[in-house]
Structures are given as C-alpha cells and as structure tokens.
Amino acid sequence: MDKDLAQQVADIAHRVVASGAISANGHGNVSVRVPGAAEMYFTAGPSLRDHPASAVVRVGLDGTLLEGDLPPIQGAVVAMHTAMYADSPDVGCVLHTHSPYATAYAVARRGIGCWIEAMAMFGLGDGVPVAGYGPRGSAEAVANIRAAVTPGVPAVLLANHGVLIFHRTPELAIQAGSVVEEAAQAGLNAGSLGGPVEIAPELRAAALQRAMAFGSRGTVHA
Ligand SMILES: [Zn+2]
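The paragraphs below set out a description of the structure included in this document.

Parameters at a glance
Residues numbered from 1 in each chain as written. Predicted model: local features only at pLDDT ≥ 70, side-chain atom pairs only at ≥ 80, totals over all residues. Heavy atoms only, no water. 1 Å grid on protein atoms, 1.4 Å probe; cavity = no way out; pocket = protein on both sides within 12 Å on 5 of 7 lines; lining within 4 Å. Points joined across faces, edges and corners; volume = space filled by probe spheres on them. Helix = DSSP H or I, 4+ residues; strand = E, 2+ residues; numbered from the N terminus. Salt bridge = Lys/Arg side-chain N within 4 Å of Asp/Glu carboxyl O. Buried < 20%, exposed > 50% of the residue type's maximum accessible area, 1.4 Å probe, protein only. Donors = N, O, S within 2.8 Å, 3.2 Å for Na, K, Ca; no water. Pairing = 2+ DSSP bridges. Contact = heavy atoms within 4.5 Å. Axes fitted to C-alpha atoms, helices over the stretch in contact; angles between N-to-C directions.

In this structure, the largest pocket spans a volume of roughly 400 Å³. If you trace the largest pocket, you find 20 residues lining it, with Gly152, Pro154, Phe166, His167 and Arg168 closest to the centre. Mapped onto the lining of the largest pocket, the elements with two or more residues apiece are helix H3 (78–87), strand E8 (162–167) and helix H7 (170–190). Of the residues forming the lining of the largest pocket, the biggest block, 3 residues, is contributed by H7.

Structure, rendered in structure tokens:
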C-alpha cells in the first residue's frame, strides 16, 4: 500500500465532507486511479466523515481486492467506480455521495438542468442525466450508468440512490459534486416559484467562454 496515496484519498474524503455536498450520515465513497496501473484506491470505511487512511483499500479495475479489508456494503459498489475508470482513460477520480438535494432529484428520477450558471461554467451545461435503478453496484446498475453517461458530462444521478461524479482530478470532481448539489437545491427552491428556467444553450456557451477568458488571465493584482 502506498501510504501517501491512501492519505490523499482520505484527504479527498475530508474535502468532500467540507464541501457540504454530502448527506448527514456522510455515506459515500471516493476513489482515485493509481497512475500507470489498472488499479484504484478506494474508501472502504462506512462514512466519508473522518475517514481514516488506514481504511483505504487497493482494488484492481477488474474488481479484485488487492490490499486491505473491504466490508460488504462498500464492496457492493466497487463496480460502479471501476467501470468509470475502465470506460474513460481521462478519469482520475470517482466520487459517490447521497448529497441530499441531488438525491432528491435521483429519487424523483428527474434530471438536473442547466439552470444555474455554474453548471455551464463547470462542464455540466448539458445537465445531469438519471441512470435507471438497479441494485447498487450490480451489473444492471452499472449498465444503466453506462447508458446514461453523456460524453463530456462528469456526473450522473443514480435513481433511488444518489449521485456519481467522475472527473480528471479530485479537485474537479469535488467542484462538480458541489455544483450539482447547488443546482439541485436551487431547482427545488425554484419549484415553489413556478419551477427553474434553464439558460438558453447559446448563453451557456457564452457563460463558459467568459469563465475561460477570466480563467486564462488568472488573478489580477492591484
Ligand atoms: Zn450510495
């Protein structure tokens, strides 16, 4: 076990909790791809809250446990992480949570649209689709996730379960997870005001371009 990498995974778990895009019980899992190997490091603890590095396990992308102890509840969802790495060489980090507002959409089996600007700015301009229900981590659930994944969109809602984020880096994954949760909360709040209104497609592109233009300039100093 690479202790530094295990500690990095525990740190990512703590940052997910700090982001606020997490259910009260802290349920979820974090994994990172091991560079240059068909393996991932995966949180095998019962909660992301205070997750210790000692409970991080090493798992082959074929699902074989290579190092550590993997309890049944966490073992059941390994396949939805390994599938994301197997399908996309660019994916370096996978997050799964039951963040409450996104999970409300997942339970209602309703996608999240591009009705907050951050969705357009952070690669979610096409919205977040819903993957059909299957018992968590089952072949059926993984097939439903694969069918729902939209090229270029780093998130899917898991019907009657939660949310799955898959991105190049942990930083981008954590950011996408919090944007999805913020959009879901805004969507639900807007429900009592006639419902959320999506940004027009051409203006989503404009929002992204403006964010990129400011991003390329970096921080401006007085
Ligand atoms: Zn779950």
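The next point concerns the pattern of salt bridges. Taken as a whole and judged by the stated rule, the model has 5 salt bridges. The partner of Arg15 in a salt bridge is Glu171, and the shortest N-O contact between them spans 3.1 Å. Highlighted residues: Arg15 in helix H1 (residues 3–19) and Glu171 in helix H7, separated in sequence by 156 residues. A salt bridge links Arg58 to Glu39; the shortest N-O distance between them is 2.8 Å. With Arg58 in strand E3 (residues 56–60) and Glu39 in strand E2 (residues 39–43), this residue pair connects regions lying 19 residues apart in the sequence. Of the two residues examined, Arg58 and Glu39, each falls in the buried class. Shared partners join several salt bridges into a network, and the residues in it are Glu39, Arg58 and Glu67.

Where a metal carries four tetrahedral donors, each ideal angle is 109.5 degrees; where it carries six octahedral donors, the ideal angles are 90 or 180 degrees. Those donors, His96 (NE2), His98 (NE2) and His161 (NE2), are the protein atoms that reach the zinc ion, and they lie 2.0 to 2.1 Å from it. His98 sits in the buried class, given a relative accessible area of 15%.

The strand order across the open sheet formed by 8 strands is E4-E3-E2-E1-E5-E8-E7-E6, and the pairing between neighbours is mixed. At either end of the open sheet lies a strand with only one pairing partner, and these are strand E4 (65–67) and strand E6 (130–131). Two strands pair when backbone bridges link them, and E6 and strand E7 (residues 155–158) are joined in this way by 2 bridges, in the parallel orientation. Residue pairing for E7: Val130 is matched across the bridge by Leu157. Here H1 sits on the sheet and contacts strand E1 (28–33), E2, E3 and strand E5 (93–97); the angle it forms with E1, its principal contact strand, is near 140°. Sheet strands in contact with H7 are E1, E5, E7 and E8, and its direction is about 145° off that of E8.

It is worth stressing that arrangement in space is one thing and function is another; only the former is reported here.
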